[in-house]
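Listed below, chain by chain, are the residues.
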Amino acid sequence: MNRKTLEPQESGNDAIEALISHDASHGEFDRRDFLRHMGKGLAVVASVPLLETMMGKAGAAFAAAPATQPRVSKSGLADVYAFKCGILETQTQYMLKDTRVGSRMDIPVTFFMIRHGKDWVAFDTGNNAMVAKDPIKYWSAPICKAYNPVMKDFEEFKVQIDRALGIRPKDLKAVVLSHGHLDHSGAIDNFVGTNVPLYFQKKEIQVIKDEMAKHKATGVTTAYIPGDFAKMNKLNIKGVDGVYDLFGDKSVVLFPTPGHTPGHQSMMVKQSNGTVAILCADAEYTLENMNEAIPPGLAWDIPQSTQALYIFKVMQWMNSNVSIVPSHDPKYWSNKPLAPKLYEL
C-alpha cells in the first residue's frame, strides 16, 4: 500500500519522528495556500451531496424544534453526552501549524456517548487504561515526550460511562471510531467479549493493519499503539465506506473527513433540542484552526485536512443551530458540560 504518512511541524524533532515518517511531497501547506484554495474548496463543498444527506435541502433538517423544547430522545433525534479522558501535555505547533511554536498546550482527550431512543452509541473511547498506570511502557518514551498523558484510573472509558450513565460496554448499540490513534481508539479492549459492532472507515482498518505489520517488522511504535489492537480479532469490527446513516433516520450520520489519517471520520448528531452537533474528532483540533484558517500542525495529508476545516465552516454558516465540536480545544472544553449533564450548544 503506497500510503503517505503523518508529517510533523518540525521533522527534526526526535519525539515526533518516532510517531511518523516524513514525505516531503505532501509537507508544506501554509496559511496563504489555505486561503488561496478556500474559494475553490467552498465551491466544491456547495455541491457535495454529503451536506444534503446530513442536513436536508435548504437546511430543513435544522427546523426540528426550538432550543427551549425539553430533551426527549426519540426516533430521528438524539442526545450527546461528553466525557474527558485526561489531558495530553504537548506544544501548540502540533495543533496549529506554525503557531506559537514551543509554547505549551494542554489538550483534553474527549469521547462521547449518544442516546438515540433507548439505544446508546459511543463516539471514540479515549485512552487505554494502561496509560494511567505506565504510559511510557505502553505508548513508548518518544510518544510520551511529544504528548505526555495525564490520566487517572477512573477516567477509563468503561468506568466513566458506568459512573455517569449507568451504562456498561456490552449495553451499547454500536461504537464509532473516528480513527485508530491512541487517544481515540485506546479503550476498544473494553468491548472484548461482547458483540457490539465497532465502526471504522474501511480505509482506516487497512491503515491499522499496515501499522501493526510495520510494528512487527521494525519494532517502531507510532500513534497506532500495538496494545490497543492486540485483541482486534476478538472484536466485532465493521467497515463502512463513505457516509453512513447509523439508524436510518439521519439523526446520527458518520461521514469521512480524511486528512488527519486516510480513514478519518466525523459524526453529525441531530439533537432533540433542535440543534446539530458536528463531532469533528481530529479533523478539527481546535476552533482556532477553523476560525483563523490555520491548518493542523500534524496530519497525514495537510491539504485534505484543510478541506475538512472549510466543510465545517460552511456547515456553521448554514445555520446558527450548528455546533462545530473540536476534539482537543482546551478553551472550548473549559466551560462545556460533561456527563451526566447533556452537552449544550
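Residues numbered from 1 in each chain as written. Predicted model: local features only at pLDDT ≥ 70, side-chain atom pairs only at ≥ 80, totals over all residues. Heavy atoms only, no water.

A.B. asks: Can you help me understand the overall build of the chain in this one?
C.D. replies: Assigned secondary structure in the chain consists of ten helices and twelve strands. Sorting the 345 residues of the chain into buried and exposed places 58% on the buried side. A fraction of 68% describes how many contacts in the chain between residues 6 or more apart in sequence connect residues 24 or more apart. (Helix = DSSP H or I, 4+ residues; strand = E, 2+ residues; numbered from the N terminus. Buried < 20%, exposed > 50% of the residue type's maximum accessible area, 1.4 Å probe, protein only. Contact = heavy atoms within 4.5 Å.)

A.B. asks: Looking at this structure, I do not really get the nonpolar core. What am I missing?
C.D. replies: Side chains of a nonpolar character, in soluble globular proteins, are inclined to be buried together. One finds Met113, Trp139, Phe157 and Leu172 to be the most contacted residues of the largest nonpolar core, which totals 50 residues. The biggest single contributor to this core is strand S2 (residues 104–116), with five residues. Beyond its immediate sequence surroundings of up to four residues, phenylalanine 157 is in contact with Phe111, Met113, Ala122, Asp124, Thr125, Leu172, Ala187, Asn190 and Phe191. (Core = buried A, V, L, I, M, F, W, Y, C linked by side-chain atoms within 4.5 Å.)

A.B. asks: Explain the sheet that holds strand S7 (residues 236–240) to me, please; I cannot follow it from the model alone.
C.D. replies: By way of backbone hydrogen bonds, the strands of a sheet pair with one another, either parallel or antiparallel. In spatial order, the strands read S4-S1-S2-S3-S5-S6-S7; together these seven strands make up an open sheet with mixed pairing. The open sheet has two edge strands, strand S4 (148–150) and S7, and neither has a second partner. Between one strand and the next, the sheet's axes are offset by a mean angle of 30°, whatever the strand orientation. Relative to strand S5 (residues 174–176), strand S3 (residues 119–123) runs parallel, the two being bridged by three bridges. In the sheet register, valine 121 faces S5, and the bridge partner there is alanine 174. Against the sheet, helix H6 (residues 157–165) touches strand S1 (79–91), S2 and S3, its axis set at about 140° to S1. Where helix H7 (residues 202–218) meets the sheet, its contacts fall on strand S6 (197–201) and S7, and the angle it forms with S6 comes to roughly 90°. (Pairing = 2+ DSSP bridges. Axes fitted to C-alpha atoms, helices over the stretch in contact; angles between N-to-C directions.)

A.B. asks: In this structure, what is going on with the side chain of aspartate 228? I would like to understand it.
C.D. replies: Here aspartate 228 is to be found in the loop between H7 and S7. For aspartate 228, which is buried and forms no salt bridge, the nearest opposite charge comes from lysine 231, at a distance of 11 Å. With residues up to four places along the chain from it excluded, the contact list for aspartate 228 reads Asn128, Tyr138, Leu182, Ser185, Gly186 and Ile188. (Lys, Arg positive; Asp, Glu negative; His and termini not counted. Salt bridge = Lys/Arg side-chain N within 4 Å of Asp/Glu carboxyl O.)

A.B. asks: Would you mind showing me how to read the environment of tyrosine 224 here?
C.D. replies: As for its placement among the helices and strands, tyrosine 224 is situated in the loop between H7 and S7. Residue class for tyrosine 224 comes out buried when judged on its relative accessible area of 5%. Sequence-wise, tyrosine 224 and serine 185 are 39 residues apart; in three dimensions their C-alpha atoms are separated by 8.9 Å. Those residues within four positions of tyrosine 224 in sequence are excluded, and the remaining contacts are Gly180, His181, Glu204, Val207, Ile208, Glu211, Met212, Phe229 and Thr261. Only 2.7 Å separates the side chain of tyrosine 224 from the side chain of glutamate 204, close enough to count as a polar contact. (Polar contact = N/O pair within 3.5 Å; in protein donor to acceptor, adjacent residues only side chain to side chain.)

A.B. asks: I tried to follow the environment of glycine 259 on my own but got confused; where do I start?
C.D. replies: Here glycine 259 lies in the loop between strand S9 (252–256) and strand S10 (265–270). Taking the C-alpha atoms as reference, glycine 259 lies 4.6 Å from glutamine 304; in sequence the two are 45 residues apart. When neighbours within four sequence positions are excluded, glycine 259 is seen to be in contact with Ala299, Trp300, Asp301, Gln304 and Ser305.

A.B. asks: Quick question: what am I supposed to make of unusual backbone geometry here?
C.D. replies: Peptide bonds are mostly trans, and most non-glycine residues show a negative phi. With an omega of 15°, the peptide bond between alanine 339 and proline 340 qualifies as cis. A positive phi angle is found at arginine 100, which is not glycine, with a value near 45°. Position of arginine 100 relative to the elements: it lies in the loop between S1 and S2. Its relative accessible area of 45% is what places arginine 100 among the partly exposed residues.

A.B. asks: I'm lost on the pairing of S10 in this one. Help?
C.D. replies: Successive residues of a regular strand alternate their side chains across the two faces of the sheet. For S10, the tally of buried residues reaches six of six residues, placing the bulk of the element in the interior. Covered by surrounding structure in S10 are Gln265, Met267 and Val269 together with Ser266, Met268 and Lys270, the residues of both alternating faces. Direction of pairing for S9 relative to S10: antiparallel, over a ladder of five bridges. Bridged to valine 252 within S10 is valine 269. Inspection of the sheet shows S10 paired to strand S11 (residues 276–281) by four bridges, in the antiparallel sense. Within the sheet, the bridge partner assigned to methionine 268 lies in S11 and is isoleucine 278.

A.B. asks: Sorry, what's going on with the sheet that holds S9 here?
C.D. replies: The strand order across the open sheet built from five strands is S8-S9-S10-S11-S12, with neighbouring strands paired in mixed fashion. Both outer strands of the open sheet, strand S8 (244–245) and strand S12 (322–326), are each paired with one neighbouring strand and no more. Sheet strands in contact with helix H9 (residues 302–318) are S9, S10, S11 and S12, and its direction is about 150° off that of S12.

A.B. asks: Explain the packing of aromatic side chains here, please?
C.D. replies: The relation between two aromatic rings is expressed through the spacing of the ring centres and the mutual angle of the planes. Within the structure shown, the criterion is met by ten aromatic pairs. Relative to phenylalanine 191, the ring of phenylalanine 157 lies with its centre 5.6 Å away and its plane at 50°, an arrangement referred to as tilted. Remark: phenylalanine 191 occurs in the loop between S5 and S6 and phenylalanine 157 occurs in helix H6; sequence separation between them is 34 residues. Across this residue pair, the class does not change: phenylalanine 157 and phenylalanine 191 are buried. Within the aromatic cluster, the residues linked to one another by ring pairs are Phe112, Phe123, Tyr332, Trp333 and Tyr343. The lysine or arginine in question, lysine 336, covers the ring of tyrosine 332, its NZ or CZ lying 4.1 Å from the ring centre. (Phe/Tyr/Trp six-rings, centres within 6.5 Å; stacked < 30°, edge-to-face > 60°. Lys NZ or Arg CZ within 6 Å of the ring centre and 35° of its normal.)

A.B. asks: When you look at H9 in this model, what are you seeing that I'm missing?
C.D. replies: One full turn of an α-helix is made of 3.6 residues, so residues set three or four places apart face in the same direction. In this model H9 runs 25 Å from its N-terminal to its C-terminal C-alpha over 17 residues, within 8% of the 24 Å that 1.5 Å per residue would give. For H9, the full list of buried residues reads Ile302, Ser305, Thr306, Ala308, Leu309, Tyr310, Ile311, Phe312, Lys313, Val314 and Met315. Between a side-chain oxygen at the N-terminus of H9 and the backbone nitrogen of glutamine 304 the separation is 2.9 Å; the capping residue is aspartate 301. (Expected span 1.5 Å × (residues − 1).)

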